[in-house]
Amino acid sequence: ELKVEQNPLFLSMQEGKNYTIYCNYSTTSDRLYWYRQDPGKSLESLFVLLSNGAVKQEGRLMASLDTKARLSTLHITAAVHDLSATYFCAVLFEDNAGNMLTFGGGTRLMVKP
Amino acid sequence: EPEVTQTPSHQVTQMGQEVILRCVPISNHLYFYWYRQILGQKVEFLVSFYNNEISEKSEIFDDQFSVERPDGSNFTLKIRSTKLEDSAMYFCASSAWLALHFGPGTRLTVT
């Protein structure tokens, strides 16, 4: 079964703190995506990770991929209130053509001042 | 920057009625998708479309659903006979290669 699991599902953190969101997936993947979703809004693409050891950074967010462990992390550095949103990872599994992404359940991040 | 657009933003329909959700993908993109998100839940794949045909579809995409690219710009999702459980946010997306660009979504409410 193709599964993508994120944890934690909910994260409340103070501004200025660091934290990591984890995304585990069940079988071999071609690529992994991270998206941000604000309440009632669409999905904003953050990162696309293609290969083992890939690391990408944008501002206070850094994503990495370990294909052997089937694990991606989204690390938040010195969080600010503007980062409050729900973050989804999504996986394109090898057996799926046509860009059928399987999404994780999402991590709702709340950054408190 | 070019964006995926969707209409309407909100559609209310009665159970058993047909609905058509419309999308205009980014103009040079070749791959088109529909995803849905039931309120507060994860995003689920419905269908992908390339070269004027469906390339993959999920179990959700049963005979009640169909997609069409009637002209060079629009991409539509039709639900023939809506059910209460079809209530969700429906997102269209398009891609040139790697990155999927999602539209703002259509909130479908079936009463």
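Relevant structure appears above.
Residues numbered from 1 in each chain as written. Chains lettered and ligands numbered in written order. Predicted model: local features only at pLDDT ≥ 70, side-chain atom pairs only at ≥ 80, totals over all residues. Heavy atoms only, no water.

**What to know about the overall build of chain B**
Here is step 1 of the chain: Scanning chain B from terminus to terminus reveals zero helices and 11 strands.
Here is step 2 of the chain: Walking chain B from its N terminus toward its C terminus, one meets helices and strands in the order β-β-β-β-β-β-β-β-β-β-β.
Here is step 3 of the chain: At 13 Å, chain B has a C-alpha radius of gyration in line with the 13 Å of a compact globule built from 111 residues.
Here is step 4 of the chain: Its C-alpha atoms give chain B principal-axis dimensions of about 35 × 25 × 25 Å.
Here is step 5 of the chain: Considering only intrachain contacts with a sequence separation of at least 6, the fraction spanning at least 24 residues in chain B is 53%.
Here is step 6 of the chain: Surface accessibility of chain B: about 5700 Å² in total, with carbon and sulfur atoms responsible for 47%.
Here is step 7 of the chain: Distance between charge centroids for chain B: 3 Å, based on 9 positive and 13 negative side chains. (Helix = DSSP H or I, 4+ residues; strand = E, 2+ residues; numbered from the N terminus. Rg over C-alpha atoms; globule rule 2.2 N^0.38 Å. Contact = heavy atoms within 4.5 Å. Areas by Shrake-Rupley, 256 points an atom, 1.4 Å probe, with all protein chains shown as cover. Lys, Arg positive; Asp, Glu negative; His and termini not counted. Charge placed at Lys NZ, Arg CZ, Asp CG, Glu CD.)

**Some remarks on the sheet that holds strand 1 (residues 4-7) of chain A**
All names here are of chain A.
Here is step 1 of the chain: Taken in spatial order, the five strands line up as 1-3-8-7-6 in an open sheet, and their pairing is antiparallel. Each edge of the open sheet carries a strand with a single partner, namely strand 1 and strand 6 (55-58). When the angles between neighbouring strand axes are averaged without regard to direction, this sheet yields 15 degrees.
Here is step 2 of the chain: Summarising the sheet, strand 3 (residues 19-25) and strand 8 (residues 71-76) pair through six bridges and their orientation is antiparallel. When the sheet's bridge partners are listed, Asn-24 is paired in strand 8 with Leu-71. (Pairing = 2+ DSSP bridges. Axes fitted to C-alpha atoms, helices over the stretch in contact; angles between N-to-C directions.)

**What to know about the nonpolar core**
Here is step 1 of the chain: Grouped together as the largest cluster of nonpolar side chains are 25 residues, with contacts concentrated most on Leu-32, Trp-34, Leu-74, Tyr-87 and Leu-109 of chain A.
Here is step 2 of the chain: Breaking this core down by element, the ones donating at least two residues are strand 2 (10-14), strand 3, strand 4 (29-37), strand 5 (43-49), strand 7 (61-66), strand 8, strand 9 (85-93) and strand 11 (107-112) of chain A.
Here is step 3 of the chain: When residues of this core are assigned to their parent elements, the largest contribution, five residues, is made by strand 9 of chain A.
Here is step 4 of the chain: Leu-109 of chain A has contacts with Leu-11, Met-13, Ile-76, Leu-83, Ser-84, Ala-85 and Tyr-87 of chain A, leaving out every residue within four places of it along the chain.
Here is step 5 of the chain: Counting 21 residues, the second largest nonpolar core, distinct from the first, contains Val-4, Cys-23, Phe-32 and Phe-49 of chain B. (Core = buried A, V, L, I, M, F, W, Y, C linked by side-chain atoms within 4.5 Å. Buried < 20%, exposed > 50% of the residue type's maximum accessible area, 1.4 Å probe, protein only.)

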